Amino acid sequence: MAQPQDGINERLGDDELRAVLSKLQDDKDKELFGLVCKRWLHLQSIERRKLSARAGPHMLNRLAARFTRLRELDLSQSVSRSFYPGVTDSDLSVIAAAFSSLRLLNLQNCKGITDKGLASLASGIPSLQFLDVSYCRKLTDKGLSSIARGCCDLRALYVVGCRFVTDALLSALSMNCRNLEELSLQGCSNITDSGLTVLVKGCKRLKQLDLNKCSNIGDIGISSISKACSSSLLTLKLLDCYKIGDESIISLAKHCKNLETLIIGGCRELSDESIKQFASACHDSLKNLRMDWCLNVSDASLECIFFFCRKLEVLDVGCCEEVTDAAFQGLGNDGSKLSLKILRVSNCPKITVDGIRKLLKSCEALEYLDVRSCPHVTEVRCQEAGLQFPVGCKVNFSGSLSEPDVLC
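Here's a quick rundown of the structure.

## A few points about the overall build of the protein chain
- A tally of regular secondary structure across the protein chain gives 16 helices and 14 strands.
- Within the span of the protein chain, comprising 408 residues, buried residues form 48% of the whole.
- Considering only intrachain contacts with a sequence separation of at least 6, the fraction spanning at least 24 residues in the protein chain is 78%.
- Entry remark: accessible area of the protein chain is about 19,100 Å², with carbon and sulfur atoms responsible for 49%.

## Focus: unusual backbone geometry
- Its identity is not glycine, yet Tyr135 carries a phi of approximately 65 degrees, on the positive side.
- Inspection of the secondary structure puts Tyr135 in the loop between strand S4 (130–132) and helix H8 (141–150).

## Some thoughts on the nonpolar core
- In terms of nonpolar packing, the biggest core is built from 115 residues, with Leu107, Leu173, Leu211 and Met291 touching the most fellow members.
- Once you skip the residues sitting within four places of it in the chain, Leu211 turns out to touch Leu185, Leu196, Ile217, Ile222, Ile225, Leu236, Lys237, Leu238 and Cys241.

## A closer look at the packing of helix H7 (residues 115–124) against H8
- Following both chains from N to C, one finds H7 and H8 inclined at 5 degrees, their axes separated by 8 Å at the closest point. Between H7 and H8, the crossing angle belongs to the class labelled roughly parallel. Where H7 abuts H8, its residues Asp115, Leu118, Ala119, Leu121 and Ala122 lie against Lys142, Gly143, Leu144, Ser146, Ile147 and Gly150.
- A class-by-class count of the residues in the contact of H7 with H8 yields six nonpolar, three polar and two charged.

## Focus: the pattern of salt bridges
- Tallied over the full model, the rule gives nine salt bridges.
- Across the salt bridge formed by Arg290 and Asp316, the nearest N and O atoms sit 4.0 Å from each other. Here Arg290 is found in strand S10 (residues 288–290), whereas its partner Asp316 is found in strand S11 (residues 314–316), with 26 residues between them in sequence. For the pair formed by Arg290 and Asp316, the shared burial category is buried.
- Salt bridges sharing common partners tie together Arg290, Asp292, Asp316 and Arg344.

## Comments concerning the state of the cysteines
- Within the structure shown, the criterion is met by zero disulfides.
- Between Cys151, a free cysteine, and Cys177, which holds the nearest cysteine sulfur, the sulfur-to-sulfur gap is 7.6 Å.
- We note that Cys282 lacks a disulfide partner, and the nearest cysteine sulfur, in Cys256, lies 7.3 Å from it.

## Observations concerning the packing of helix H12 (residues 246–255) against helix H13 (residues 272–281)
- Taken N-terminus to C-terminus, the directions of H12 and H13 make an angle of 15 degrees; their axes are 8 Å apart at the nearest point. One way to sum up the angle between H12 and H13 is to call them roughly parallel. The way H12 lies across H13 gives a crossing that is left-handed. Of the residues in H13, those touching H12 at Asp246, Ile249, Ile250, Leu252 and Ala253 are Ser274, Ile275, Gln277, Phe278 and Ala281.

## A word on helix H9 (residues 167–176)
- Those residues of H9 that sit buried are Leu169, Leu170, Ala172, Leu173 and Ser174.
- In this fold, the buried residues of H9 make contact with H8, strand S5 (156–158), strand S6 (182–184) and helix H10 (193–202).

What counts as what
- Residues numbered from 1 in each chain as written.
- Predicted model: local features only at pLDDT ≥ 70, side-chain atom pairs only at ≥ 80, totals over all residues.
- Heavy atoms only, no water.
- Helix = DSSP H or I, 4+ residues; strand = E, 2+ residues; numbered from the N terminus.
- Buried < 20%, exposed > 50% of the residue type's maximum accessible area, 1.4 Å probe, protein only.
- Contact = heavy atoms within 4.5 Å.
- Areas by Shrake-Rupley, 256 points an atom, 1.4 Å probe, with all protein chains shown as cover.
- Core = buried A, V, L, I, M, F, W, Y, C linked by side-chain atoms within 4.5 Å.
- Axes fitted to C-alpha atoms, helices over the stretch in contact; angles between N-to-C directions.
- Parallel < 35°, antiparallel > 145°, perpendicular 65-115°, else oblique.
- Nonpolar A, V, L, I, M, F, W, Y, C, P; charged D, E, K, R; others polar.
- Salt bridge = Lys/Arg side-chain N within 4 Å of Asp/Glu carboxyl O.
- Disulfide = S-S within 2.5 Å.
- Left-handed = near helix turned anticlockwise from the far one by under 90°.

So this is what it looks like as structure tokens:
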């Protein structure tokens, strides 16, 4: 008589099941793993590292009991689908007590939380490395500084749209968070050059710094950053920082040779001279450059960019009204090709079909071209001229196409 065969649960121990679970890359597959039986569900729960959920003390306590090794918790709220009351300070107290091993916490758009809630997190989760409290409009320096003091291994902090943030937060980060790599201060208009100078006295490892719409910063602050973070800085965003001038860009050219992304749209005081120096200095690293509404930029800047920056993938020169077809005349003369994938030349009235024809000969990888409000580059004229765009390239003639968001 044949002996009964052991089932898979008898043959596989917990270590073997963990090995199987670790091989599953798709989140859906990981969920299906937990549907096999209670044992597999329990194992899946304790091995889970990431979770997105809604708030509420009762629910959070249940989640904490089930997911004991959670490292990443996303409680962010959608602007269009927010729910009441959303995340509260009471919820943050539960998180601080129950999820002490968290490394990442996303609270974006949780408008109900205050400094009191952040103080709870600071005392309860000292291992926190990533915190996003963007658009949590009640927060001030007091709560955020408590995070800086309590979470000294903080690597990334996003406070986009937190209008009460001042230089006091930057001072707290400088004194306590020496490993900070990503900082987003977009829309924090109370930040000044003095704050940035203090920040980089302690935070010298910044890789990504978002200062978009920080209207009170100027050349002194940016020059301090470029000198202190010369070897680490990869991304710098300065959209609509109208006080930024050539001194900032020349300092970046001198010190930050590894910069990959620079956003200077709306910095209207910049001239060709600083852009040319920057393109020459960062030609080995630069991939993304946004300089729309830089009204003094002309063909000289673009010629230099196209000549030196062969790795450039994204370029925005929208509303640079001095740019003409001459900017493209040097392309392809040496037989080389550009890596350009996205180009925006909207509202450049002096560009014609001839310039675009020259561009296309050197940009075989082009995926998106924005020529809106270019009166000499219409769909009809491109067809009449027999222009052949790369296969799959989307050409935006009138605004009917969704725009890539790589240069926000």
